[in-house]
Amino acid sequence: AQSVTQLGSHVSVSEGALVLLRCNYSSSVPPYLFWYVQYPNQGLQLLLKYTTGATLVKGINGFEAEFKKSETSFHLTKPSAHMSDAAEYFCALGGGSNYKLTFGKGTLLTVNP
Amino acid sequence: DAGVTQSPTHLIKTRGQHVTLRCSPISGHKSVSWYQQVLGQGPQFIFQYYEKEERGRGNFPDRFSARQFPNYSSELNVNALLLGDSALYLCASSLEEGSNYGYTFGSGTRLTVV
């Protein structure tokens, strides 16, 4: 069975500080990994995805994530937080013949001025 | 270009009623999926359709059903509504089947069951 664990339901950072949101996964097939962002009362917006190839993936709004197979991790980072980054972030797992995405429970990011 | 559009945006229903939610995928996208997001949780997979055929079903009761039309739009139907069905229902579309393509999500339909 596939599963996603997001460590920390709430992360708070100061504006300009490093953002690190953690995601670990469990999968019996080569994983496809995604980060989505959700602003209040909105749907999900794709930040970045890893399917195959380069393990460091760059996304929109200055975010990037690194796929580490040995650690079964796909942590999301941004060097300098901006107030507009405040939102909920979801890590999601797909792969193999599985058409569905399995989501983590989400991490709420708060950015303090 | 229009993204994934869902209607209605908000809906209030009474226990025991039936509801139909609608989704139009991005033009050219053949795959549509439905997810349920309960407050404070990540989205849970309900169905995936590709070329009008059901390709996957999540762990939801038979009260939930869906279909995809020749123009690739989709409907999600829920019968005999329960209070626990209150959630944000998200539709997602993809160019092809398979999760490796990633999905583009709509803004969702907020269903409240009273």
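Residues numbered from 1 in each chain as written. Chains lettered and ligands numbered in written order. Predicted model: local features only at pLDDT ≥ 70, side-chain atom pairs only at ≥ 80, totals over all residues. Heavy atoms only, no water.

> Describe the pattern of salt bridges, and please don't skip the residues or the numbers.
Residues and elements named next belong to chain B. Per the stated rule, a full pass over the model turns up eight salt bridges over all chains. The salt bridge involving E75 is made with R22; its shortest N-O contact spans 3.5 Å. Of the two residues, E75 is situated in strand β8 (residues 74-78) and R22 in strand β3 (residues 19-24); the sequence distance between them amounts to 53 residues. Owing to a relative accessible area of 12%, E75 belongs among the buried residues under this scheme. When its relative accessible area of 42% is taken as the criterion, R22 is described as partly exposed. Within the structure, one salt-bridge network assembled from shared partners comprises R22, R67 and E75. (Salt bridge = Lys/Arg side-chain N within 4 Å of Asp/Glu carboxyl O. Helix = DSSP H or I, 4+ residues; strand = E, 2+ residues; numbered from the N terminus. Buried < 20%, exposed > 50% of the residue type's maximum accessible area, 1.4 Å probe, protein only.)

> An account of the sheet that holds β8(B) is requested, with residue identities and associated values reported.
All names here are of chain B. Here we have four strands laid out as an open sheet, ordered β1-β3-β8-β7, and antiparallel in their pairing. With partners counted over all chains shown, the strands left at the sheet margins are β1 (5-7) and β7 (64-68), one partner each. For this sheet, the mean inter-axis angle between neighbouring strands, taken without regard to orientation, is 15°. (Pairing = 2+ DSSP bridges. Axes fitted to C-alpha atoms, helices over the stretch in contact; angles between N-to-C directions.)

> Describe the interface of chain B and chain A, naming the residues involved and giving the relevant values.
Across the boundary between the two partners, chain B contributes 21 residues, which contact 19 residues of chain A. Regarding the contact of chain B and chain A, the summed buried area is about 1600 Å², with carbon and sulfur atoms giving 56% of it. At the junction of chain B with chain A, the criterion picks out zero salt bridges. Counting every contact that joins chain B to chain A gives three residue pairs in polar contact (both at pLDDT 80 or more). When residues of the side of chain B that touches chain A are traced back to their parent elements, those giving at least two are β4 (31-37), β5 (44-50) and β9 (87-94) of chain B. (Contact = heavy atoms within 4.5 Å. Buried area = accessible area lost by both parts, 1.4 Å probe. Polar contact = N/O pair within 3.5 Å; in protein donor to acceptor, adjacent residues only side chain to side chain.)

> Now, about the state of the cysteines: what can you tell me, with residues and values included?
All told, the structure shown has two disulfides over all chains when counted by the stated rule. With its sulfur 2.0 Å from that of its partner, C23(A) forms a disulfide with C91(A). Judged by the sign of its S-S torsion, about -65°, the cystine formed by C23(A) and C91(A) is left-handed. With C23(A) in strand β3 (residues 19-26) and C91(A) in strand β9 (residues 87-95), this pair connects stretches of sequence that are 68 residues apart. For C23(A), a relative accessible area of 0% translates into the label buried. When its relative accessible area of 0% is taken as the criterion, C91(A) is described as buried. Here C23(B) engages in a disulfide with C91(B); their sulfurs sit 1.8 Å apart. Negative torsions about the S-S bond denote left-handed disulfides, and the value of about -65° found for C23(B) with C91(B) makes this one left-handed. Of this pair, C23(B) sits in strand β3 while C91(B) sits in strand β9, and the two are 68 residues apart along the sequence. Here the two residues C23(B) and C91(B) agree in accessibility, since each one is buried. (Disulfide = S-S within 2.5 Å.)

Purely spatial values, then, with no claim about function.
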